[in-house]
Structures are given as structure tokens and as C-alpha cells.
Amino acid sequence: MFVGHFAVAFLLWRLFPQVPLPVVLISVSFPDLLWSLLVPAGIEKVRINPDSPLQKFIVFEKFPYSHSLVLGSVLSIPIGLLIAGLLNNPVIVPVFVAGSASHWLLDTVVHLKDLPILGFDGDRKVGAGLWKRGPLAFVVEFVFYTIVTLFALSGLPLVYALILGGAFHAINLRSFFGSNRKNSVKSSNAYAGLALVGFGSFTLIASLII
Ligand SMILES: [Zn+2]
């Protein structure tokens, strides 16, 4: 899931306006930002399918640090503390942890049964697998993004957020609908790099225009 996470960031910003927008955007991105560093480091493992760009064929073999509910949330605490300390704003700590945990919760809707709960060996893994129905997942994620963003923002920021979300969601079209062509992403490191660029650029652009 990609743009859906950012709708929750807008909601958190509406609920806690004292927390700067870039901070909530980074909080909901935190699991994937961490993942994009741990994959090339060889600590977390993902296998892509060279023959298809569809999300359902991506095998998330191991990502206990970035994508478990318990361990992932624990790891978000020091980052929340660090940002709260730098900005002298203690509310950031619980908001950052909530944003990071929301990422895991939303991921459980689309992922296949690969998301660990605790983050340790022999852990139970969950995922409702909406990605198995790519076109439906595409629609559901954008409807969710639109409804939550409509509730969270208003005026020009709302317009910009809807355009930005639509544009970024459209970039992912092929991962939902597939195509006759092979997967243009050639390696797990390239896939991790794309996640870093995707989450990073959405956060940057949204922070500038909203
Ligand atoms: Zn994720």
C-alpha cells in the first residue's frame, strides 16, 4: 500500500495540528523507509517476480523489524523521541508511534499472509490478501484515500492532496493491473530503492504544497 498510508497522515495532522505535517508523513512512511534500507543491507528479504509487476507475486520473505506490529512499533519510539527532542514537542512521540503502527494495520488489508505480529522467529503472520484482486485493491485504496483526505483537509490543501494522491496512485497502476510486459523492476534492491524514492518524494512534495 502506498497513497493510503498518507491519508492517515493527513488525519493525524487534523487531529494533532501541533505536529508538523512532514513529521506525520514520515511517521506513516517509517516502516517502508526502514525496509528500503534494511533490504539492501541484507537484513530483510524480498523476492520479486521478473515475469510480472503484480504486487501479489512479490514475496516478502522476511521483514520483522520494519513490518511487524510489536517490534516495528518499538523501533519507531526512538525515532519519535529523537524528532520530539529536536523540535521540542513531546506530543510527537505518541503521534509518531501511532502513524507507524497505522502503516502495519493498513498493510494487513492488502498483503498476503506475510506480516508478522510480534517480529520474532516462529511468529504468527497475517494479511487479508486484497492484492490477489488487483483492480479491486486499486479502487479500494484510492476510495479510502479520498474519503479520509476529504475528512481531514479542506480548501486548497484538499485539492492539492487529491491531485497528488491521484498522480502517485496512477504511477503504481501496473502493480495492480499487471501487463503483458515483464517486471521493469529487476532486483529486490531496485524495488527497495523505488519505495525510498516513492515515499520520500510524496513526503517532500506534500510538505511543500499542502
Ligand atoms: Zn509497508
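See the structure printed just above.
Given the structure is predicted, the values throughout are model-derived calculations rather than measurements.

### Here we look at the overall build of the chain
Each helix and strand in the chain was counted, giving eight helices and four strands. Starting at the N terminus, the α and β elements of the chain follow one another as α-α-β-β-α-α-β-β-α-α-α-α. A compact globule built from 210 residues should have a C-alpha radius of gyration of about 17 Å, and the chain, at 16 Å, falls within 12% of that. With respect to the principal axes defined by its C-alpha atoms, the chain has extents near 45 × 40 × 25 Å. Relative to its 210 residues, the chain shows a buried fraction of 50%. A fraction of 65% describes how many contacts in the chain between residues 6 or more apart in sequence connect residues 24 or more apart. Taken as a whole, the chain presents about 10100 Å² of accessible surface, with 71% of it coming from carbon and sulfur. Of the side-chain charges in the chain, 14 are positive and 9 negative, and the distance between the mean point of each set is 7 Å.

### Some words on the coordination of the zinc ion
For a metal with four donors in a tetrahedral arrangement, the ideal angle between donors is 109.5 degrees, while six donors in an octahedron ideally sit at 90 or 180 degrees. Within the protein, D32 (OD), H67 (NE2), H103 (NE2) and D107 (OD) serve as the donor atoms for the zinc ion, at 2.2 to 2.3 Å. Of note is the zinc ion, whose four donor atoms meet at the metal with angles of 77 to 168° in an arrangement that counts as irregular. Taken in chain order, the donor set of the zinc ion reads D-x34-H-x35-H-x3-D. Of this pair, D32 sits in helix 2 (residues 21–38) while H103 sits in helix 4 (residues 92–110); the two residues are 71 residues apart in sequence, bridging distant segments of the chain. Owing to a relative accessible area of 12%, D32 belongs among the buried residues under this scheme. Residue H103 is classed as buried on the basis of its relative accessible area, which comes to 0%.

### Section: empty space enclosed by the protein
Taken as a whole and judged by the stated rule, the model has one cavity of 30 Å³ or more. Reported here for the largest cavity is a volume of approximately 50 Å³. Lining the largest cavity are 13 residues, and of these P31, S66, S68, G72 and S100 sit closest to its centre. Looking at the lining of the largest cavity, the elements that each hand over two or more residues are helix 2, helix 3 (69–87) and helix 4. The residue inventory of the lining of the largest cavity, partitioned by class, reads seven nonpolar, six polar and no charged.

### Let's talk about the nonpolar core
Counting residues in hydrophobic clusters, the biggest one holds 57 residues, and the most contacted among them are F6, F10, W35, F60, Y145, Y191 and F202. Taken together, the elements giving at least two residues each to this core come down to helix 1 (3–15), helix 2, helix 3, helix 4, helix 5 (134–152), helix 6 (155–171) and helix 8 (188–209). Those residues within four positions of F202 in sequence are excluded, and the remaining contacts are F2, V3, F6, F10, Y145, L164, G165 and F168.

### Description of the environment of I92
Structurally, I92 is set in helix 4. Note on I92: relative accessible area 0%, which makes it buried. Not counting residues within four places of it along the chain, the set of residues in contact with I92 comprises V19, P20, V23, G80, I83, A84 and L87.

### With respect to the packing of aromatic side chains
This model, assessed by the stated rule, comprises 17 aromatic pairs. A ring pair is formed by F2 and F199, whose centres lie 4.8 Å apart and whose planes are at 90°; its orientation type is edge-to-face. Of this pair, F2 sits in the segment before helix 1 while F199 sits in helix 8; the two residues are 197 residues apart in sequence, bridging distant segments of the chain. Side by side, F2 and F199 carry an identical accessibility label, which is buried. With 5.2 Å between their ring centres and 75° between their planes, F168 and F202 make a pair best called edge-to-face. Of this pair, F168 sits in helix 6 while F202 sits in helix 8; the two residues are 34 residues apart in sequence, bridging distant segments of the chain.

The rules behind the values
Residues numbered from 1 in each chain as written. Predicted model: local features only at pLDDT ≥ 70, side-chain atom pairs only at ≥ 80, totals over all residues. Heavy atoms only, no water. Helix = DSSP H or I, 4+ residues; strand = E, 2+ residues; numbered from the N terminus. Rg over C-alpha atoms; globule rule 2.2 N^0.38 Å. Buried < 20%, exposed > 50% of the residue type's maximum accessible area, 1.4 Å probe, protein only. Contact = heavy atoms within 4.5 Å. Areas by Shrake-Rupley, 256 points an atom, 1.4 Å probe, with all protein chains shown as cover. Lys, Arg positive; Asp, Glu negative; His and termini not counted. Charge placed at Lys NZ, Arg CZ, Asp CG, Glu CD. Donors = N, O, S within 2.8 Å, 3.2 Å for Na, K, Ca; no water. Tetrahedral: all angles 85-135°; square planar, octahedral: opposite > 155°, others 65-115°. 1 Å grid on protein atoms, 1.4 Å probe; cavity = no way out; pocket = protein on both sides within 12 Å on 5 of 7 lines; lining within 4 Å. Points joined across faces, edges and corners; volume = space filled by probe spheres on them. Nonpolar A, V, L, I, M, F, W, Y, C, P; charged D, E, K, R; others polar. Core = buried A, V, L, I, M, F, W, Y, C linked by side-chain atoms within 4.5 Å. Phe/Tyr/Trp six-rings, centres within 6.5 Å; stacked < 30°, edge-to-face > 60°.

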